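Understanding the architecture of this molecule
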Amino acid sequence: AESGLRLTVTNASGAVLHDSHFDGTALPELDNHGDRPEIEAAAHSGRGTSVRHSNSLGLDAVYAAVKLKNGGFLRLAAPLDDIHRNFEQEVAPLGLIAVGVSGLCLLLALFITRYFSKTINSMAESVAGIARKRGGRILQVPGREFLPLAYAVNRMAENIEEYIATTTDQQTQLEAILDSMHEGVLVLGPSGNIRRSNRAMRALFPALDQAMGKQIIEALPVPSLQRAVDTLLQDAQGEKSVNEAIHFENESGRFLVAHLTRPIVRNPSLGAVAVVYDATDIMRLERVRRDFVANVSHELRTPLTAISGYAETLMDMEDMAPEHRGFASIINKHAKALARVISELLDLARLENARERIALAPADPAEALTEALRLCAEQIEQKELHIALELASPRKVMANAPLLSQVFRNLLENACRYSPQRGGILISSKVEGRELLFSVKDQGPGIPEEELSRIFERLYQIKRQRNSGSSGIGLAISKHIIEGHGGRIWAESPCGAFATAMHFTLPLAQGQPL
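The structure reproduced in this document is the subject of the present report. (Residues numbered from 1 in each chain as written. Predicted model: local features only at pLDDT ≥ 70, side-chain atom pairs only at ≥ 80, totals over all residues. Heavy atoms only, no water.)

1. What about the overall build of the chain?
Scanning the chain from terminus to terminus reveals twelve helices and 17 strands. Here the contacts in the chain between residues at least 6 apart in sequence split such that 53% fall between residues at least 24 apart. Accessible surface for the chain amounts to roughly 31,400 Å². Of this, 57% is attributable to carbon and sulfur atoms. (Helix = DSSP H or I, 4+ residues; strand = E, 2+ residues; numbered from the N terminus. Contact = heavy atoms within 4.5 Å. Areas by Shrake-Rupley, 256 points an atom, 1.4 Å probe, with all protein chains shown as cover.)

Here is the structure:
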């Protein structure tokens, strides 16, 4: 009664045994409470609650019931209005306290925010100074909690200053090196745009001053150079560095050579480097040398023909003493050898001075080889050499048949000259990609490794073979012919079971099976 709660006790079936709001005479008139929600919930789980309207009291109430050990139920009921009133009485002070605490927290947050903002702004200014490359350090730290951050920022500033100093020094050295070079240097980006040029390059092409970021053709009116750069950069996924030479003339008529290089180490900002040098004087001297050799060779041909003719006449005289006929024979032999050297020099000069490209057409290399073997038959028979052929199935190459026959003849003559008596010579061919690789191998004395790179120079002879009868021009002629065909030629010594191998390649004709 003092708490204002209603206490009800029922038996297991829900009949009211006691109710604090009704005396004993009124109990029989009360309904059975077994169907009340809270009683049903307590019957199932031992406890039950509900909020509903009470027909007995005529008001809304909150009910809570528990199941007793004897199977009955104990239920408490409280008017909902009383609960609301008590809640409001309890919550009102808590609300005021919450508002006060919230206000205090807000003031404290504002104070801390302003305190830390001032500190962070100070540190931000120091970092901004570092970013502007003006140096700076965080010297005053307002709180111990900022010490690790201040230390990290100062350390970062030191590292940045060291990096900037190193980079500036390297940049200065690079600029000094590039500007002191006599050759022009052009650095290109991955798309072929101009990234950098040195003083020598700008002197050759003044338009480069206004061409940064543009394509080469916009500053250097050289279509062949632009095509070479495009081709080079299209194969940017290759694993090997590429070096290609382009010959051209600038607007002032100077003869220039550009070497294009794609570095092995890939750099997303670097595509290729072009080094350009002025070869005008070299080309002029080379032209003078070729003209001199051609003119001298032409002038020597007539007297040598006369010497050879007179020597043959002396050899045919009936009253000539045997020893004198021997002298005439020696004169005739050396005159003919010298005449052949002069003829080869003229052939070489003609190839070097050729202004037009060699006319190429699909040709059967076996026919050119057969002609060369016919011309070398005398040498082969004299030494009783064994010629072995290991040729690929019939293939046609892009070639000039007479010149290709001359290459085979030059290589065969060398192989015959240096092969031992009854030695063997192997001539082979095989397909490699879009090229046909030819090899002429012999069992001669071989070529020293240090001289392999020089044997294709004109008039060069290996020291120990200078008296072999070779003019030293045949390989130079072969090199010019093969390169004029778009192929390559090189020597290998030793090569398996053979002492020396001469290799050269020719492009396959279109439509040939691989």
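2. As for the packing of helix H11 (residues 401-418) against helix H12 (residues 474-484)
As a packed pair, H11 and H12 sit with axes 9 Å apart at the nearest point and diverge in direction by 150°. Handedness of the H11/H12 crossing: left-handed. Across the interface between the two elements, Leu403, Gln406, Val407, Asn410, Leu411 and Asn414 of H11 pack against Gly474, Leu475, Ile477, Ser478, Ile481 and Ile482 of H12. (Axes fitted to C-alpha atoms, helices over the stretch in contact; angles between N-to-C directions. Left-handed = near helix turned anticlockwise from the far one by under 90°.)

3. As for H11
Taking 1.5 Å per residue as the helical rise, H11 with its 18 residues ought to reach 26 Å, and the 26 Å between its terminal C-alpha atoms agrees with that figure. Burial analysis of H11 places 13 of its 18 residues in the buried class, the great majority of the element. (Expected span 1.5 Å × (residues − 1). Buried < 20%, exposed > 50% of the residue type's maximum accessible area, 1.4 Å probe, protein only.)

4. Some details on the pattern of salt bridges
For the structure on display, the rule yields 14 salt bridges. Here Glu413 ties to Arg409 by a salt bridge, and the two come within 3.0 Å at their closest N and O atoms. With Glu413 and Arg409 both in helix H11 and four residues apart, the pair spans about one turn of that helix. Salt bridges sharing common partners tie together Glu38, Arg52 and Arg75. (Salt bridge = Lys/Arg side-chain N within 4 Å of Asp/Glu carboxyl O.)

5. Focus: a nonpolar patch on the surface
Where nonpolar side chains cluster on the molecular surface, the patch consists of Leu94, Ile97 and Val101 and spans about 290 Å² of accessible area. Relative to the helices and strands, Val101 resides in helix H2 (residues 80-131). Under the relative-accessibility criterion, Val101 is labelled partly exposed at 44%. (Patch = residues over 30% accessible without salt bridge, like charges linked within 9 Å, V, L, I, M, F, W, Y side chains within 5 Å.)

6. Thoughts on the side chain of Ser197
Of note, Ser197 is situated in strand S7 (residues 194-197). Once you skip the residues sitting within four places of it in the chain, Ser197 turns out to touch Val185, Leu186, Arg202, Leu208 and Met212.

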